[in-house]
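A look at the structure
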Amino acid sequence: MNLVVLTTVELAAVTTLLLLMLATPLAWWLARSKSGWKEIAGALTALPLVLPPTVIGFYVLIALGPQSPLMTLLHPFGVRTLAFTFTGLVIGSLFYSLPFAVQPLRTAFEGVGSRPLEIAATMGAGPFDRFWHVAVPLARRGFLSAAILVFAHTIGEFGVVLMIGGAIPGKTEVLSTRIYQLVESLQFGEAHAIAGGMIVFAFIALLALLLVERRIGGVQP
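Here we summarise the structure given alongside this text. (Residues numbered from 1 in each chain as written. Predicted model: local features only at pLDDT ≥ 70, side-chain atom pairs only at ≥ 80, totals over all residues. Heavy atoms only, no water.)

1. A look at helix 1 (residues 2–32)
Put simply, the rule is: Runs of E in the DSSP output that reach at least two residues are strands. Runs of H or I that reach at least four are helices, and both are numbered from the N terminus. By definition here, a helix of n residues has an expected span of 1.5 Å times n minus one. Note that the bend at a residue is defined as the angle between axes fitted to the seven residues ending at it and the seven residues starting at it.
Taking 1.5 Å per residue as the helical rise, helix 1 with its 31 residues ought to reach 45 Å, and the 44 Å between its terminal C-alpha atoms agrees with that figure. The sharpest bend along helix 1 measures roughly 35 degrees and falls at Ala23, with the proline Pro25 sitting one to four residues further on.

Structure follows, in structure tokens:
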């Protein structure tokens, strides 16, 4: 059981860290760009919100399978498949939780407005300095919200991780799939204990999100 918890927390932590790095430039572009393509990109980014997790899991599973063109490129390096591996779980989680990182960050960057950046530019700050020293601090609420949402959402994933990881004990089994297996084997007592713990965790995560919004919500221009 401890290994299942460790795998779940590790998956959530790695996914959160990677998504904050990957979603930040995308959210900045969506917030600042005047390109006509940005709404199309925004819609594609938000697709996991409306698609069944099994759809995402199915296509990621195909992409990570040994016969896919992507994995064929990795065959010379001794990698034939990433399906049913922890790395595969991370990749699936990145797709599934992407909007939970992009949307709060995009909203926060839009809330920064142009004036602070223009003032920084008049003081000689370059594009990177304006982003790193002005936009990022002013958008910290978005970063905290994104981190909380992605971490909590990844903890609760089921369909995607089950299809891609297969719930292999000691390798790809996480708390959500563990509950499913316990219910299948009629071990309702242990299933209750895990499910109850996840309800408490979800409540704490949402409460933390609300407190973050209330505590620093007034700093946005």
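2. A few points about the packing of helix 5 (residues 86–112) against helix 8 (residues 140–155)
The line we're drawing: Axis lines are fitted through C-alpha atoms, for helices just across the contact stretch, and the angle between N-to-C directions can take any value from 0 to 180 degrees. Here roughly perpendicular refers to angles of 65 to 115 degrees, roughly parallel to angles under 35, roughly antiparallel to angles over 145, and oblique to all remaining angles. Should the near helix be turned counterclockwise from the far one by less than a right angle, the crossing is left-handed, whereas a clockwise turn marks it as right-handed. By the convention used here, residues are in contact when the closest approach between their heavy atoms is within 4.5 Å. Note on residue classes: Ala, Val, Leu, Ile, Met, Phe, Trp, Tyr, Cys and Pro are nonpolar, Asp, Glu, Lys and Arg are charged, and everything else, Gly too, is polar.
Two elements in contact, helix 5 and helix 8, have axes separated by 8 Å at closest approach and are oriented at 160 degrees. In terms of their interaxial angle, helix 5 and helix 8 are classed as roughly antiparallel. Remark: the crossing between helix 5 and helix 8 carries right-handed chirality. Two secondary-structure elements touch here, helix 5 through Ser93, Tyr96, Ser97, Phe100, Ala101, Pro104, Leu105, Ala108 and Phe109 and helix 8 through Gly142, Phe143, Ser145, Ala146, Leu149, Val150, His153 and Thr154. Split by residue class, the contact of helix 5 with helix 8 holds 11 nonpolar, 6 polar and no charged.

3. Things to note about a nonpolar patch on the surface
For clarity, the threshold we go by: Here, patches come from residues exposed beyond 30% relative accessible area and free of salt bridges, joined within 9 Å for like charges and within 5 Å for nonpolar side chains (Val, Leu, Ile, Met, Phe, Trp, Tyr). Methods summary: accessible areas were calculated by the Shrake-Rupley approach with a probe of 1.4 Å, and residue burial reflects only the protein chains presented. By salt bridge we mean one thing: a side-chain nitrogen of Lys or Arg within 4 Å of a carboxyl oxygen of Asp or Glu. The buried label goes to any residue with under 20% of its type's maximum accessible area, the exposed label to any with over 50%, and the partly exposed label to all in between, with areas taken from a 1.4 Å probe on protein chains only.
A contiguous nonpolar patch, built from Trp29, Trp37, Ile40, Leu44, Leu47, Leu49, Val50 and Leu51 and spanning about 820 Å² of accessible area, is present on the exposed surface. Within the secondary structure layout, Val50 lies in the loop between helix 2 (38–46) and helix 3 (53–64). Residue class for Val50 comes out exposed when judged on its relative accessible area of 67%.

4. Focus on the pattern of salt bridges
Counting across every chain of the model gives 4 salt bridges. Glu190 is the salt-bridge partner of Arg178, the closest N and O atoms lying 3.4 Å from each other. In this pair, Arg178 sits in helix 10 (residues 175–184) while Glu190 sits in helix 11 (residues 188–216), placing the two residues 12 residues apart along the sequence. Among the ionic contacts, a cluster of salt bridges with common partners joins Glu39, Arg106 and Glu110.

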